[in-house]
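A structural walkthrough
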Amino acid sequence: DHVPGRPPIPCVLVGNKSDLDPALDPLVMDRMDEFCREHGFITWFLTSAKNNTNVNTAMWHLFNHTMTVQEESRDLQAAALAVREQIEAEESKAAASSPKGSRIGQVANAPRQNRCRC
């Protein structure tokens, strides 16, 4: 689970002691992929601290994913800000060009005039 309104915390599943049994059944690999998808892990790595196998790779993958997510978040925030500024500029321009006393933007709050002849 993650904090509402925030992206999930990135996690990599690490299986240690790969030096004890370096061969991995393809069925086990598929099950690990499925487990990661079901439980929100980015991916998984078999590691060996003894042989220094995939330890740095797993950490680098986690770091790289985190930095990519942060960069995408900043890009989205910048795009949202640009759109908001454009909308505000267009609204200001429309308000400045409308004649004084114009009812643009006030129609919803305007009193109804009874001109119905039905």
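Residues numbered from 1 in each chain as written. Predicted model: local features only at pLDDT ≥ 70, side-chain atom pairs only at ≥ 80, totals over all residues. Heavy atoms only, no water.

**Structural notes on the overall build of the protein**
Looking only at helices and strands, one finds 2 helices and 2 strands in the protein. Helices and strands appear in the protein in the N-to-C order β-α-β-α. Across the 118 residues of the protein, 8% fall into the buried class. Excluding contacts between residues fewer than 6 apart, the proportion of contacts in the protein whose partners are at least 24 apart in sequence is 54%. (Helix = DSSP H or I, 4+ residues; strand = E, 2+ residues; numbered from the N terminus. Buried < 20%, exposed > 50% of the residue type's maximum accessible area, 1.4 Å probe, protein only. Contact = heavy atoms within 4.5 Å.)

**Describing a negative patch on the surface**
On the surface, D25, D30, D33, E34 and E38 cluster together to form a negatively charged patch. Summarising the element assignment, D30 is placed in helix α1 (residues 26–39). The exposure class assigned to D30 is partly exposed, which follows from its relative accessible area of 47%. (Patch = residues over 30% accessible without salt bridge, like charges linked within 9 Å, V, L, I, M, F, W, Y side chains within 5 Å. Areas by Shrake-Rupley, 256 points an atom, 1.4 Å probe, with all protein chains shown as cover. Salt bridge = Lys/Arg side-chain N within 4 Å of Asp/Glu carboxyl O. Lys, Arg positive; Asp, Glu negative; His and termini not counted. Charge placed at Lys NZ, Arg CZ, Asp CG, Glu CD.)

**Here's the deal with the environment of T47**
Residue position: T47 is located in the loop between β2 (44–46) and α2 (55–97). Residue classification places T47 among the buried residues on the basis of a relative accessible area of 4%. With 31 residues separating them along the chain, T47 and N16 place their C-alpha atoms 4.7 Å apart. With near-sequence residues (within four places) excluded, T47 lies in contact with V14, G15, N16, K17, S18, T53, N54 and V55.

**Regarding the confidence of the model for the protein**
Predicted confidence across the protein gives a mean pLDDT of 79, with 80% of residues reaching 70 or more. Residue range residues 102–110 is modelled with pLDDT below 50. Its contacts to residues more than four positions away, or to other chains, number 3 contacts. (pLDDT = per-residue confidence, 0-100.)

**A closer look at α1**
The end-to-end C-alpha distance of α1, which contains 14 residues, comes to 20 Å, matching closely the 20 Å that a straight helix rising 1.5 Å per residue would cover. Downstream of α1 by one or two residues, G40 has phi in the positive range, about 80°. (Expected span 1.5 Å × (residues − 1).)

**Some points on the pattern of salt bridges**
Summed over all chains, the structure comprises 1 salt bridge. Between E88 and R84 there is a salt bridge, and its shortest N-O distance comes to 3.9 Å. A residue pair is termed a helical-turn pair when its members lie 3 or 4 positions apart in one helix, as E88 and R84 do in helix α2 at 4 residues. Take E88: its relative accessible area is 42%, and that puts it in the partly exposed class.

**So, the packing of aromatic side chains**
Applying the stated criterion across every chain, the model contains 2 aromatic pairs. Here F35 and F41 contribute two aromatic rings whose centre-to-centre distance is 6.0 Å and whose plane-to-plane angle is 25°, an arrangement assigned as stacked. Judged by relative accessible area, F35 falls into the partly exposed class, the value being 36%. The partly exposed category is assigned to F41, whose relative accessible area is 24%. Ring centres 5.2 Å apart and planes at 35° place the aromatic pair W60 and F63 in the tilted group. Taken as a pair, W60 and F63 lie in helix α2 at a separation of 3 residues, close to a single helical turn. (Phe/Tyr/Trp six-rings, centres within 6.5 Å; stacked < 30°, edge-to-face > 60°.)

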